[in-house]
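Okay, here's what each chain looks like letter by letter:
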Amino acid sequence: MNIQTELNREQSEVESQVIDHDLENRYLLLTPGPLSTSNTVRKAMQRDWCTWDKEYNVLVQEIRQKLVNLSTKNTELYTAVLMQGSGSFAVESVLGSVIPRDGKILIINNGAYGARMVQMAKYLNIEVVELNYAETQSPSLKEIEQVLQDQKITHVACVHCETTTGILNPIKQIGQLVKSSGKIWIVDAMSSFGGVPLDLADLEIDFLISSANKCIQGVPGFGFVVAKREQIEKCQGRARSVSLDLYDQWNTMEKYEGKWRFTSPTHVVRAFYQALLELDIEGGVAARFKRYQENQRKLEQGMQKLAFKLVLDNTVEQSPIITTFLYPENEKFSFQAFYEALKASGFVIYPGKVSDLNCFRIGNIGEVYPSDIDRLLVAIEQYCQKEL
Ligand SMILES: *Cc1c(COP(=O)(O)O)cnc(C)c1O
């Protein structure tokens, strides 16, 4: 066999393996991101783009405008900026770029993502006060109000849907306290934006952070920030990092109409545009919220019928994003075995993250429909009958 024939054969073997094993979705992701995307979103990535070509920059500008339109009725007050990296990079770019050297931030923490913001603030040498709550508890408005009397505090940050448990934090009430004390209001709405209706102007949010691979149902690769224009305009020269300088990134996108400072995740951006179109086709955030709610209710009721217990009680608000369940009280239960069995049936679930509880999580977001939840419940019931 000559070398060319051999190479061709190897190539076609590689291709057939890729097609057999990698291009088809082998399971539905019931995780809080990356999540299952539509075939059309994935297909939108099959072309290369020149980052400084006008056509690409127009696409970026349209995305920025669509994000603002999704965020509020008062679109003229807000502006959007995209940032390379996963969602945490976008969070870190906000913390590192908007708080002045003499600023101080209050971070409300009732889960892993609140804790991550505290860690970021410390790394960035930002003075931080932390209000710490159990993961299954809502923050206390009274305590927040008290702490906000500290005149040195300039900024407040909180997670909206704390994906650790699926709890929805009361950002409306917290925001009212933040604003009546004259502080800047930062919300990590990573896992809720696009899936839970909200209006930034009504909530008086100054900086909201989310990412491509959560409720907009794009693929991973960048995060974004929707900011009050008059606030981001003040942030020049505050950044503690070049790559994560939110102001500079925004200013470049504004000035050069859709240009990124450094290599942009072009394929991911194009897929995100497709995902935004599909959100619109579905009926916008209200329709998506309804689908997620239906998924969540079906899941919660079905699991309770199978004797699984919820970790969150009804003193807190359960989001339609992700639900946490306790391990069943059965010595034979092994999460790893349960996980593997469900994966073999075509579903990937998520381990728990609550510090002192044995639990697991099931997400409802992404290209997931109530009929998928029905199928999942059948698989779980069969597993329980056979193995427990
Ligand atoms: C997903 C998520 C993030 C970001 O996580 P990455 O892994 O960096 O994408 C931040 N906050 C919340 C609440 C999230 O759900």
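Before reading on, note that the structure itself is shown above.
Every value quoted in this text rests on a predicted model; they were computed, and no experiment measured them.

Q: Pulling in residues and values, what's your account of the pairing of strand S15 (residues 359-363)?
A: Across the 5 residues of S15, 5 count as buried, placing the element largely inside the fold. Here S15 shows a buried face lined by Cys359, Arg361 and Gly363 and a second buried face lined by Phe360 and Ile362. The sheet contact formed by strand S12 (residues 322-326) and S15 spans 5 bridges and is antiparallel. By the bridge assignment, leucine 326 is partnered in S15 with cysteine 359. Relative to S15, strand S14 (residues 350-351) runs antiparallel, the two sharing 2 bridges. Bridge pairing links tyrosine 350 to arginine 361 in S15.

Q: Give me the lowdown on the site of the ligand, citing residues and values where you can.
A: Near the ligand, the surroundings consist of Ser86, Gly87, Ser88, Tyr113, Arg116, Val159, Cys161, Thr163, Asp188, Met190, Ser191 and Lys214. The separation between an oxygen atom of the ligand and a polar side-chain atom of serine 86 is 2.5 Å. Contact distances for the ligand include 2.6 Å between an oxygen atom and a side-chain N or O atom of serine 88. Contributions of two or more residues to the shell around the ligand are made by helix H4 (87-98) and helix H5 (112-123).

Q: Summarise helix H7 (residues 171-180); cite the residues concerned and give the values.
A: Buried within H7 are the following residues: Ile171, Ile174, Gly175, Leu177 and Val178. One side of H7 holds all its buried residues, which, seen down the axis, span an arc of 160 degrees. Looking at the buried residues of H7, the elements they touch are strand S3 (104-109), helix H6 (141-147), strand S5 (155-159), strand S8 (184-188) and helix H8 (200-203). Remark: glycine 182 follows H7 within two positions and exhibits a positive phi of approximately 75 degrees.

Q: Which residues make up helix H10 (residues 246-255), and what are the values?
A: Of all the positions in H10, only Leu246, Tyr247, Gln249, Trp250, Thr252 and Met253 are classed as buried. Buried positions along H10 lie against helix H3 (54-71), strand S2 (78-84), H4, strand S9 (207-211), strand S10 (222-228) and helix H9 (229-232). Immediately beyond the C-terminal end of H10, within one or two residues, lies glutamate 257, with a positive phi of roughly 50 degrees.

Q: Before we move on, can you summarise the environment of cysteine 359 with the specific residues and values?
A: Mapped onto the elements of the fold, cysteine 359 is located in strand S15. Using a relative accessible area of 3% as the deciding quantity, one classes cysteine 359 as buried. C-alpha separation for the pair cysteine 359 and threonine 165, spaced 194 residues apart in sequence, amounts to 9.7 Å. Not counting residues up to four positions away in its chain, the partners in contact with cysteine 359 are Val311, Thr324, Phe325, Leu326, Tyr327, Pro351, Gly352, Lys353 and Val354.

Q: Residues and numbers for the packing of aromatic side chains, please.
A: Counting across every chain of the model gives 18 aromatic pairs. Centre to centre, the rings of phenylalanine 193 and phenylalanine 224 are 5.6 Å apart; their planes meet at 65 degrees, and the pair counts as edge-to-face. Here phenylalanine 224 lies in strand S10 and phenylalanine 193 lies in the loop between S8 and H8, a separation of 31 residues in the sequence. A single burial state applies to phenylalanine 193 and to phenylalanine 224, both of which are buried. Where tyrosine 327 meets phenylalanine 335, the ring centres are 6.1 Å apart and the plane angle is 5 degrees; that geometry is what we call stacked. Classification of tyrosine 327 by relative accessible area gives partly exposed; the value is 28%. Here arginine 47 stacks its cationic end above the ring of tryptophan 49, 3.7 Å away from the centre of that ring. Arginine 291 extends its terminal NZ or CZ atom over the ring of tyrosine 369, reaching a point 4.5 Å from the ring centre.

Q: If you had to explain the sheet that holds S14 to someone new, which residues and values would you point to?
A: Taken in spatial order, the 3 strands make up an open sheet running S12-S15-S14, and their pairing is antiparallel. Both outer strands of the open sheet, S12 and S14, are each paired with one neighbouring strand and no more. On top of the sheet, helix H12 (residues 284-305) reaches S12 and S15; it is set at about 10 degrees to S12, its chief contact.

Quick notes on the rules
Residues numbered from 1 in each chain as written. Predicted model: local features only at pLDDT ≥ 70, side-chain atom pairs only at ≥ 80, totals over all residues. Heavy atoms only, no water. Buried < 20%, exposed > 50% of the residue type's maximum accessible area, 1.4 Å probe, protein only. Helix = DSSP H or I, 4+ residues; strand = E, 2+ residues; numbered from the N terminus. Pairing = 2+ DSSP bridges. Near = heavy atom within 4 Å. Polar contact = N/O pair within 3.5 Å; in protein donor to acceptor, adjacent residues only side chain to side chain. Arc of directions from axis to C-beta. Contact = heavy atoms within 4.5 Å. Phe/Tyr/Trp six-rings, centres within 6.5 Å; stacked < 30°, edge-to-face > 60°. Lys NZ or Arg CZ within 6 Å of the ring centre and 35° of its normal. Axes fitted to C-alpha atoms, helices over the stretch in contact; angles between N-to-C directions.

Everything listed here is a matter of coordinates, which is why it stays silent on function.
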